[in-house]
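Descriptive structure summary
Residues per chain, in single letters:
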Amino acid sequence: MAPSFNSSNSLYDFVVKDGYGVKGLVDSGISEVPERYIQPLEERINKQESRVCDVAPIDLSKLKGAEHEKVVDEIVRAAETLGFFQVVNHGVPLELLESLKDAAHAFFSLPPEKKLVYCIPPKIKYATSFAPEKEKVLEWKDFIYMMYSSDEDALQYWPNQCKEVVLKYLKLTSEMVRGIVEILIGKLGVESDDSKIEGLVGLKKVNLNYYPACPNPELTVGAGRHSDIGTVTVLLQDGIGGLYVKVEDDNDAAKGEWLEIPPIPGALVINIGDTLEILSNGRYKSAEHRVRATSSQARVSVPMFAMPTPTERIGPLPQVVIKDGLARYREVLFFDYMNNFFGNALAGKKSLEFAKKNNNYT
Ligand SMILES: O=C(O)CCC(=O)C(=O)O
Ligand SMILES: [Fe+2]
């Protein structure tokens, strides 16, 4: 029997405060999406109208051979245009990727009281939607984030259902991210050493995202429009699909068009975050993206966010500013940048405004 929610408050309490999440709502037997989840027309995603991105995945194993420079160019080109690309032969075993998806399903199958135990921010947090207290319309998504501090803490605080696989994923994807960041910084004409790179990717967080099957997917949104704030994000998506990226500057698609990043078995999705856009003075694109809900099955995704350490100051690199003749961003403390992002509802690329020159924040 579906619970009856007499006011929007009782729905909010059930989903957000009591920890049932969207999954609890769906499990309760609802046959249509509640009002609080209905997006205004301009935010809805029309599956039929969007094209699928047909760019082939980049083979990272070729970085070690004769085709090194070609692969470097592919990575740089992708970062300068769409800001999203997929990689294969990335060093993360395919069995691990399968186990991760299974672990995500296992975690979200737990009853709410067992998931709510993992609400010890900023270490770890099980929750629903991005910032429910600030959002008029909620996202059709539950998630848990796990912030990495040490292996010991991870094994102590993270859920049994996923801690070992998430930790392995975090380690292996971190290695890949370091390689990609080294390439991208190097192509800006800037020499980097291990400590510089570590400063840019030293804060690591893994999310398990869970998008339950939705009775009216055309009315809702799984994840609202946003860009990721860190340096680089690595994302595992399952076979269901629904991730869309807005074209900012690409030869093969129209500016402003939303392209779907299709699931490719065994591939990982890489996207550039705000930090790299700021550092490169706008040359690398932190793409706006969002996620559609689906009617058939629950979708899971597992992003690993590699971010600067909170004490890092991020601003356009001096060598790039000299070349460009102007700085498009100011220098900010990553801690402040992060607090601004998490203190507001998602709003496309608005997060970058915080680091723009002559904005209202200074
Ligand atoms: O689920 C996805 O495909 C993307 C999720 C995402 O953009 C995020 O967690 O930042
Ligand atoms: Fe994202």
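Refer to the structure above for everything that follows.
Residues numbered from 1 in each chain as written. Chains lettered and ligands numbered in written order. Predicted model: local features only at pLDDT ≥ 70, side-chain atom pairs only at ≥ 80, totals over all residues. Heavy atoms only, no water.

A few words now on the sheet that holds strand 11 (residues 258–260). Spatial strand order, 1-11-10-13-8: five strands in an open sheet with mixed pairing. Here the strands that pair on one side only, and so sit at the sheet edges, are strand 1 (51–52) and strand 8 (223–226). In the sheet, strand 10 (residues 243–246) pairs with strand 13 (residues 289–291) via three bridges, with the strands oriented antiparallel. Counterpart to V245 in the pairing with strand 13 is H289. (Pairing = 2+ DSSP bridges. Helix = DSSP H or I, 4+ residues; strand = E, 2+ residues; numbered from the N terminus.)

Moving on, we get to the coordination of the iron ion (ligand 2). Protein-derived ligands of the iron ion (ligand 2) are H226 (NE2), D228 (OD) and H289 (NE2), with the metal-ligand distances lying across 2.1 to 2.2 Å. Along the chain, the residues donating to the iron ion (ligand 2) fall in the pattern H-x1-D-x60-H. (Donors = N, O, S within 2.8 Å, 3.2 Å for Na, K, Ca; no water.)

Right, let's talk about the site of ligand 1 for a bit. N209, Y211, H226, D228, L235, L243, H289, V291, R299, S301, P303 and F305 make up every residue found near ligand 1. Within the contact set of ligand 1, an oxygen atom lies 3.1 Å away from a side-chain nitrogen or oxygen of H226. At a separation of 2.7 Å, an oxygen atom of ligand 1 approaches a polar side-chain atom of S301. Starting from 290 Å² of accessible surface for ligand 1 in isolation, the protein chains cover 94%. When residues of the shell around ligand 1 are traced back to their parent elements, those giving at least two are strand 7 (203–211), strand 13 and strand 14 (299–307). With four residues, the top contributor of residues to the shell around ligand 1 is strand 14. In terms of residue class, the shell around ligand 1 is made up of six nonpolar, four polar and two charged. (Near = heavy atom within 4 Å. Polar contact = N/O pair within 3.5 Å; in protein donor to acceptor, adjacent residues only side chain to side chain. Areas by Shrake-Rupley, 256 points an atom, 1.4 Å probe, with all protein chains shown as cover. Nonpolar A, V, L, I, M, F, W, Y, C, P; charged D, E, K, R; others polar.)

Turning next to the sheet that holds strand 14. The mixed open sheet is built from nine strands, whose spatial order is 2-3-12-9-14-7-6-5-4. The sheet is open, and its two borders are formed by strand 2 (58–59) and strand 4 (119–120), each paired with just one other strand. Pairing analysis gives seven bridges linking strand 7 to strand 14, with the strands arranged antiparallel. Pairing of N209 across the sheet is with S301, part of strand 14.

Turning our attention to helix 8 (residues 194–201). Every buried residue of helix 8 is listed here: I197, G199, L200 and V201. On the buried face of helix 8, the contacting elements are helix 7 (163–186), strand 7, helix 9 (274–279) and strand 14. (Buried < 20%, exposed > 50% of the residue type's maximum accessible area, 1.4 Å probe, protein only. Contact = heavy atoms within 4.5 Å.)

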